[in-house]
Every structure is written in structure tokens, then in C-alpha cells.
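# Structural overview for review
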Amino acid sequence: MEIKTAKELESTGYRCLFECVKQKGIQPVFELMQDIQKLPDNKAILVHQAIMEDTNALTKLIEKNKKIISYFRAHQKELCRLSLLNDDVFETLQSLYSDISLLDIYLENAKKLENLKVSNIQFASLDEYSGYCDIYKDACGNIINIHKYYTDGIIIAQKEREVDRLFRYFTIPFCCTNASFLLNVVNAEDFWQCRNIQIKDFSFNGNNLPTEEEIQSYEIPKEFIKK
């Protein structure tokens with residue numbers, strides 16, 4: 001049966017954003033983000049400005065940043081999952097503003113995550129993480145549903161243990177340290193698959209990511225198999 005994954009991806013949005021920086025330069029993109037950060041939180045202020053002053057901070061923002069906004073409008077489909085109000089987006093561009101030499105690896109890794117159909121990207125320290133690899137099996141002992149992880153960190157896993165005999169549910173508790181990414185994969189019985197990732201930033205070593213074939217499989221990653 002055909003594997004089904006999300007079609008709208010946050011990884012696509014980041015890839016498109018980094019391509020914008022590549023084409024237009026970091027200065028105008030970061031200036032737009034700074035202007036967005038300065039917008040008033042209270043919509044009453046915007047309403048008052050529009051009615052009483054025939055303008056407001058939003059119209060000024062659009063007028064000032066026309067060229068970059070034009071790029072964003074031309075790539076609406078790619079950017080649909082990326083929120084420009086997200087502090088992570090601002091901080092990522094801020095890091096590029098401080099060191100533009102990071103752009104190539106940021107863009108390369110965003111493309112790799114997009115190719116792996118990564119839906120959501122969360123930023124975290126990942127110095128230490130505890131979780132569970134959850135497994136459901138059929139009557140013959142074959143895995144039909146799995147919630148698993150891939151990482152470049154150090155995995156310390158416990159032995160697989162049975163949680164619910166009726167539903168044939170098993171789990172492998174684990175802790176992970178010194179990771180720069182933690183890819184969370186859920187492969188369901190109906191072949192719907194979801195991929196989310198936690199990263200410190202986009203400068204991780206993309207060569208350590210799993211392959212599409214590994215992600216699609218219903219096998220337990222070897223790091224979680226206690227010998």
C-alpha cells in the first residue's frame with residue numbers, strides 16, 4: 001500500500017525562507033522580521049491608527065518591505081506552514097544575520113528535512129531527553145504501528161517490555177544525550193506516516209539523518225534494541 005504523509009510541511013517553509021535569503025540577502029529579510037516584531041500586540045491600536053490616522057503599523061510595514069513581501073506572496077504555497085510571528089523563525093534569521101556563512105548548511109539541511117517529509121520543526125536544547133519507543137504488534141508478532149526516533153545523540157535504551165497484552169502494546173523507554181536533532185516518526189497501521197523533528201538549530205550534520213527507506217520501515221531502530 002502507498003505510504004501517506006503530510007503535504008504541507010514546515011520544512012518546506014524554512015527551505016523557501018533560506019532561498020529567499022540566498023536570493024535577496026539577509027539584510028532586507030531580517031529587517032522585515034524586525035518590523036514584524038515591533039508590531040503592536042493590541043489590535044485596538046491598529047484599528048485606531050487606521051481610522052484616525054488613515055494608516056497603521058501594518059500598512060507601513062508592507063510599504064517599507066515591498067520587495068521581500070512580493071517574494072513571500074509569490075511563494076505562498078511553500079510558506080503556508082511557516083508563521084512569521086514564530087520567535088523561532090526570528091531567532092533563526094537573527095543567527096544568519098550574525099553569521100551569514102551558516103546559510104548554505106541551513107539551506108541544505110532544510111532541503112533534507114523537506115525530502116524526508118518533516119511536518120513540524122521544534123527548537124530545543126536536546127542536552128538530555130527521555131521518551132518511549134512505542135510498538136503495536138499483530139497476532140503473529142509483526143509490528144503494525146510504531147512510534148520511533150532517530151538522532152545523532154547517545155541513546156541509552158532499556159529492554160522492550162509489554163504494556164498491554166490485549167492490544168499487544170509494547171514500549172522501550174530510553175534517554176538521549178548530546179543530540180543536535182531528534183527525529184520523531186509515527187508509522188500507523190493504515191500506512192499514514194508522520195515525521196516531526198526537534199533541533200538545536202539548522203547547523204546539525206544532515207549526513208546523520210536516516211534514509212527515507214529507514215523511516216518508512218516498521219522496524220525498531222537498531223539503537224533501541226537491547227542485546
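Residues numbered from 1 in each chain as written. Predicted model: local features only at pLDDT ≥ 70, side-chain atom pairs only at ≥ 80, totals over all residues. Heavy atoms only, no water.

Before going further, it helps to spend a moment on the packing of aromatic side chains. Evaluated as defined, the whole model comprises 17 aromatic pairs. On the basis of an interplanar angle of 65° and a centroid distance of 6.2 Å, the ring pair of Tyr 71 and Phe 72 is categorised as edge-to-face. On the accessibility criterion, Tyr 71 (5% relative accessible area) is buried. Accessibility expressed as a relative area gives 11% for Phe 72, which makes it buried. Consider the rings of Phe 174 and Phe 224, whose centres lie 4.9 Å apart with planes at 90°: the pair is edge-to-face. Of the two residues, Phe 174 sits in strand 6 (residues 169-177) while Phe 224 sits in the segment after helix 9 (212-216), which places them 50 residues apart along the sequence. Overall, Phe 174 belongs to the buried group, its relative accessible area being 5%. A relative accessible area of 2% means that Phe 224 is categorised as buried. Three or more aromatic residues joined by ring pairs form one cluster here, namely Tyr 14, Phe 18, Tyr 106, Phe 123 and Phe 202. (Phe/Tyr/Trp six-rings, centres within 6.5 Å; stacked < 30°, edge-to-face > 60°. Buried < 20%, exposed > 50% of the residue type's maximum accessible area, 1.4 Å probe, protein only. Helix = DSSP H or I, 4+ residues; strand = E, 2+ residues; numbered from the N terminus.)

The next thing to look at is helix 1 (residues 10-24). Spanning 15 residues, helix 1 covers 21 Å between terminal C-alpha atoms, matching the ideal 21 Å at 1.5 Å per step. Of all 15 residues that make up helix 1, eleven are buried, and the element is covered over most of its length. Where helix 1 is buried, its residues touch helix 2 (26-37), helix 5 (66-74), helix 6 (76-79), helix 7 (87-98), helix 8 (103-115) and strand 1 (120-123). Looking at the residues trailing helix 1, positive phi occurs at Gly 25, about 95°. (Expected span 1.5 Å × (residues − 1). Contact = heavy atoms within 4.5 Å.)

Once that is clear, we can look at the packing of helix 1 against helix 5. Running from N to C, helix 1 and helix 5 cross one another at 140°; their axes reach a closest spacing of 11 Å. Relative to helix 5, the element helix 1 lies oblique. The two elements helix 1 and helix 5 meet at a crossing, and its hand is right-handed. Between helix 1, through Cys 16, Leu 17, Glu 19, Cys 20, Gln 23 and Lys 24, and helix 5, the contact on the second element is made entirely by Ile 68, Tyr 71 and Phe 72. (Axes fitted to C-alpha atoms, helices over the stretch in contact; angles between N-to-C directions. Parallel < 35°, antiparallel > 145°, perpendicular 65-115°, else oblique. Left-handed = near helix turned anticlockwise from the far one by under 90°.)

As a further point, take unusual backbone geometry. The residue Lys 117 is not glycine, and still its phi comes out positive at about 60°. Turning to its location among the elements, Lys 117 is positioned in the loop between helix 8 and strand 1. Owing to a relative accessible area of 33%, Lys 117 belongs among the partly exposed residues under this scheme. Even without being a glycine, Phe 191 presents a positive backbone phi close to 70°. Along the polypeptide, Phe 191 turns up in the loop between strand 7 (181-187) and strand 8 (193-199).

Of all seven residues in strand 7, six are buried, a share of seventy percent or more. Direction of pairing for strand 3 (residues 143-151) relative to strand 7: antiparallel, over a ladder of six bridges. Paired with Ile 146 across the two strands is Asn 187, which belongs to strand 7. Bridge count for strand 7 against strand 8 is seven bridges, and the pairing is antiparallel. (Pairing = 2+ DSSP bridges.)

This part takes up the pattern of salt bridges. By the definition in use, this model includes twelve salt bridges. With a shortest N-O distance of 3.4 Å, Lys 66 and Glu 63 are connected by a salt bridge. Here the salt bridges share partners, and the residues they tie into one network are Arg 15, Glu 19, Glu 78 and Glu 114. (Salt bridge = Lys/Arg side-chain N within 4 Å of Asp/Glu carboxyl O.)

This part is about the side chain of Ser 119. Mapped onto the fold, Ser 119 is located in the loop between helix 8 and strand 1. By relative accessible area, which is 5% here, Ser 119 ends up buried. The contacts of Ser 119, once residues within four sequence positions are left out, are Ala 6, Leu 9, Glu 10, Ser 11, Arg 81, Arg 195 and Asn 196.

Take Glu 114: it is sitting in helix 8. Reaching out from Glu 114, the side chain makes a polar contact with the side chain of Thr 12 at a distance of 3.0 Å. (Polar contact = N/O pair within 3.5 Å; in protein donor to acceptor, adjacent residues only side chain to side chain.)

Another aspect to go through is the packing of helix 1 against helix 8. Two elements in contact, helix 1 and helix 8, have axes separated by 8 Å at closest approach and are oriented at 150°. In terms of their interaxial angle, helix 1 and helix 8 are classed as roughly antiparallel. Two packed elements cross with a definite hand, and for helix 1 against helix 8 that hand is left-handed. Across the interface between the two elements, Ser 11, Thr 12, Tyr 14, Arg 15, Phe 18, Glu 19, Val 21 and Lys 22 from helix 1 touch Leu 103, Asp 104, Tyr 106, Leu 107, Ala 110, Lys 111, Leu 113 and Glu 114 from helix 8. Here the residues of the contact of helix 1 with helix 8 are counted per class, giving eight nonpolar, two polar and six charged. (Nonpolar A, V, L, I, M, F, W, Y, C, P; charged D, E, K, R; others polar.)

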